[in-house]
Amino acid sequence: MFKHNFLWGGAIAANQSEGAWNIDGRGPILLDYRTAGSKESPRMLTIVDKDGNPGMISTRRGTVLPEGAQYAILDDVYYPSHEGIDFYHRYKEDIKLFAEMGFKIFRMSICWSRIFPTGIENEPNKEGIEYYKNVFKELHKYNIEPLVTLVHSEMPVYLEERGGWENRSTIKYFDHYAKTCFTEYKGLVKYWVTFNEINNEVGMLEMFGNTANHETYQMAYQRLHYQLVASSHAVKMGHETDSKNIIGGMICGIPHYPGSNDPDDILLCRHTWEKAIFYCGDVLCKGEYPVFSNRLWNEHDVNLDITNQDLDDLREGTIDLYTFSYYMSNVVTTHEVKDVVSGNFAAGARNHFLKYSEWGWAYDPKGLRYYLEVINDRYHKPIMITENGLGAVDELDDDDAINDEYRIEYLSDHISEMHCAVENGVNLIGYTAWGCIDIVSMSTGQMSKRYGFIYVDKNDQGEGTLKRIKKKSFYWYKKLIETNGEIL
Ligand code: BG6
């Protein structure tokens, strides 16, 4: 049985939903310069070079802006984040629909550059502060608790262009932003997440085979360290501002399986968990770098700027709540892989026991149970699943209805396994389905990769009325919440 006060709900992120990218004082973020893509063609960043010529560069970590170039909005290029699904203007209509489904909690993120347009201002942008206040009030009108992510894959581009998380000084700008949010939203927001999928910083380097080198690892581990320190500051400040605050860290939760029972594969699998999952989880939950960190740093000859003060801060700023996203599992092996599959920040061998989504992400409900049980044993903290769902193409039938049985099946299978984990003693307190309303896909920029219970009329070229339509899964989720997860 799920807890009687289990927090059922849904989740979205600012840059994938709000739109309104250049109004009410919002400053630009890197994602505003990101084109749309697809499974086959990657999203790109648009720039002008030092002579003013337009161009594009890769979004891969480690790609640097050519000398003298800057990010630029180009004519005739479609940028999905500029309008998103216009949640900025339509949040009342959308929250009403969430309330109709019976949401107890709604995960969203604050766009840092709506609060501090460049990141370095002393005074926050009043319109940005007001906007989120209104959204939180609207949620409370329906007794929905906001769960707020401070950084969901974005920061003001002004900071980004100056090195972003490569600089220690970014921590102080983040601290000011976090403190402002805790102070302004005291009494309105109790549940917080510091950084979305903080472990991707290193994890994403491994996705593209062996293209990463000493420099990229050095940079990734250093960036990550500054973010972990910043996260610990946020936890401390959040608690000082309001002792009722419950502050979580978030991990991209991917269980890794060994490709065979070759002891080398077993060891590789263990080491992959350490690098991809436990490295960050241990710092967030236990307040110190795990013993295997030295091995990881030495693997790539990494030397980090870590001060004694940082170590104290990490110790004093451990999270209250372990949150994670779960979409898929991954297979790692030391043997040759003929059939590589890649999905959400992991690439590995195809698992012949599993099916795969249209975007190649493994469909593995038991992996969710496995992950929950491992994390529960390791950290003994309350856990919340803050992202889970199926990205799929939805078709409107002749009556404008969407019969998304496949989504119901996916969610139902995963929630069944959550149930088993809970029966096995896992301290799970909540679940927010990802993209509860259709939003722009982070990896591909598509609208056609839909996760929602609510359809949004918009296509991959940005055309559509933005009308909201309830899918079959809307009614299914409503029933599921009504029965506290018993009707599957
Ligand atoms: C998670 C991100 O990794 O995956 C989300 O936190 C993202 O922002 C989600 O949307 C699903 O990925 P995609 O690429 O299908 O949108």
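Above: the structure in question.
Quick look at the structure, then. (Residues numbered from 1 in each chain as written. Predicted model: local features only at pLDDT ≥ 70, side-chain atom pairs only at ≥ 80, totals over all residues. Heavy atoms only, no water.)

## A few points about the overall build of the protein
Of the regular secondary structure elements, the protein holds 14 helices and 19 strands. A globule of 488 residues ought to have a C-alpha radius of gyration of about 23 Å, and the protein, at 21 Å, matches this closely. The C-alpha extent of the protein, read off along each of the three principal axes, is 60 × 55 × 50 Å. Looking at the protein as a whole, 60% of its 488 residues are labelled buried. (Helix = DSSP H or I, 4+ residues; strand = E, 2+ residues; numbered from the N terminus. Rg over C-alpha atoms; globule rule 2.2 N^0.38 Å. Buried < 20%, exposed > 50% of the residue type's maximum accessible area, 1.4 Å probe, protein only.)

## Here we look at the sheet that holds strand β5 (residues 105–109)
Spatially, the eight strands close up into a barrel ordered β1-β5-β6-β7-β8-β10-β16-β17, and their pairing is parallel. Pairwise comparison of adjacent strand axes, ignoring direction, gives a mean angle of 25° for this sheet. With three bridges connecting them, strand β1 (residues 7–11) and β5 associate as parallel partners. If you follow Gly9 over to β5, its bridge partner there is Ile105. This element, helix α9 (residues 263–286), spans β8 (246–252) and β10 (321–326) of the sheet and lies at about 170° to β8. Along the sheet, helix α13 (residues 405–423) makes contact with β1, β10, β16 (383–388) and β17 (428–434), crossing β17 at roughly 170°. (Pairing = 2+ DSSP bridges. Axes fitted to C-alpha atoms, helices over the stretch in contact; angles between N-to-C directions. Contact = heavy atoms within 4.5 Å.)

## Brief notes about the packing of aromatic side chains
Remark: the centre distance and the inter-plane angle together describe each pair of aromatic rings, the angle taken between the planes. Taken as a whole and judged by the stated rule, the model has 41 aromatic pairs. Taking the centre distance of 4.5 Å and the plane angle of 55° together, the rings of Phe6 and Trp8 count as tilted. The pair Phe6 / Trp8 is uniform in exposure class, with both members buried. Relative to Tyr477, the ring of Phe453 lies with its centre 4.3 Å away and its plane at 15°, an arrangement referred to as stacked. In this pair, Phe453 sits in the loop between β17 and β18 (454–456) while Tyr477 sits in helix α14 (residues 472–482), placing the two residues 24 residues apart along the sequence. Neither Phe453 nor Tyr477 differs from the other in exposure class; each is buried. Sitting above the plane of the Tyr158 ring, Arg162 keeps its charged end 3.5 Å from the centroid. We note Arg378 situated over the ring of Phe278; from NZ or CZ to the ring centre the distance is 3.8 Å. (Phe/Tyr/Trp six-rings, centres within 6.5 Å; stacked < 30°, edge-to-face > 60°. Lys NZ or Arg CZ within 6 Å of the ring centre and 35° of its normal.)

## Section: α13
Its 19 residues place the ends of α13 27 Å apart at the C-alpha level, agreeing with the 27 Å of an ideal helix rising 1.5 Å per residue. Looking only at α13, the buried set comprises Arg407, Ile408, Tyr410, Leu411, Ser412, His414, Ile415, Glu417, Met418, His419, Ala421 and Val422. (Expected span 1.5 Å × (residues − 1).)

## Topic: the site of the ligand
Contacts to the ligand come from 15 residues, most closely from Glu197, Met442, Ser443, Lys449 and Tyr451. Between the ligand and Asn196 there is a distance of 2.9 Å, counted from an oxygen atom to a side-chain nitrogen or oxygen. The side chain of Ser441 places a nitrogen or oxygen atom 3.2 Å from an oxygen atom of the ligand. (Near = heavy atom within 4 Å. Polar contact = N/O pair within 3.5 Å; in protein donor to acceptor, adjacent residues only side chain to side chain.)

## Considering α14
Buried residues of α14: Ser473, Phe474, Trp476, Tyr477, Leu480 and Ile481, and no others. Along α14, the residues classed as buried sweep out an arc of 165° about the axis, all on the same side. On its buried side, α14 packs onto β1, α2 (87–101), α13, β17, β18 and β19 (468–470). Asn484 occupies a position one or two residues after α14 and carries a positive phi of about 50°. (Arc of directions from axis to C-beta.)

## Section: the pairing of β8
In terms of burial, β8 is largely enclosed, as six of its seven residues are buried. Of the strand pairs in this sheet, strand β7 (residues 191–195) and β8 are connected by three bridges, and their pairing is parallel. Residue Val193 lies in a different strand from β8, and its bridge partner there is Gly248. Relative to β10, β8 runs parallel, the two being bridged by five bridges. Bridged to Gly249 within β10 is Tyr322.

## Some points on the nonpolar core
In terms of nonpolar packing, the biggest core is built from 136 residues, with Phe98, Phe174, Met418 and Tyr477 touching the most fellow members. For this core, the element with the highest residue contribution is helix α8 (residues 214–241), accounting for eleven residues. For Phe174, the residues in contact, after removing those within four places along its chain, are Trp112, Leu150, Val151, Trp165, Phe195, Ala230, Ser231 and Ala234. Among the nonpolar cores identified, the runner-up in size contains nine residues, and Leu7, Ile105, Met250 and Ile429 belong to it. (Core = buried A, V, L, I, M, F, W, Y, C linked by side-chain atoms within 4.5 Å.)

## Here we look at a negative patch on the surface
A cluster of like negative charges, contributed by Asp397, Asp398, Asp399 and Asp400, occupies part of the molecular surface. Within the fold, Asp397 resides in the loop between β16 and α13. (Patch = residues over 30% accessible without salt bridge, like charges linked within 9 Å, V, L, I, M, F, W, Y side chains within 5 Å. Areas by Shrake-Rupley, 256 points an atom, 1.4 Å probe, with all protein chains shown as cover. Salt bridge = Lys/Arg side-chain N within 4 Å of Asp/Glu carboxyl O. Lys, Arg positive; Asp, Glu negative; His and termini not counted. Charge placed at Lys NZ, Arg CZ, Asp CG, Glu CD.)

## Focus on the pairing of strand β2 (residues 44–48)
Across the five residues of β2, four count as buried, placing the element largely inside the fold. Bridge analysis of β2 against strand β3 (residues 54–58) gives five bridges, and the strand direction is antiparallel. Residue pairing for β3: Ile47 is matched across the bridge by Gly55. The turn joining β2 and β3, which pair antiparallel and follow one another in sequence, is formed by five residues; a positive phi near 85° is taken by Gly52.

## A word on the state of the cysteines
Every disulfide links exactly two cysteines, by a covalent bond between their sulfur atoms. Counting across every chain of the model gives zero disulfides. The thiol sulfur of Cys181 is not disulfide-bonded, and the nearest other cysteine sulfur, from Cys111, lies at 11 Å. Classification of Cys181 as buried rests on a relative accessible area of 0%. (Disulfide = S-S within 2.5 Å.)

Purely spatial values, then, with no claim about function.
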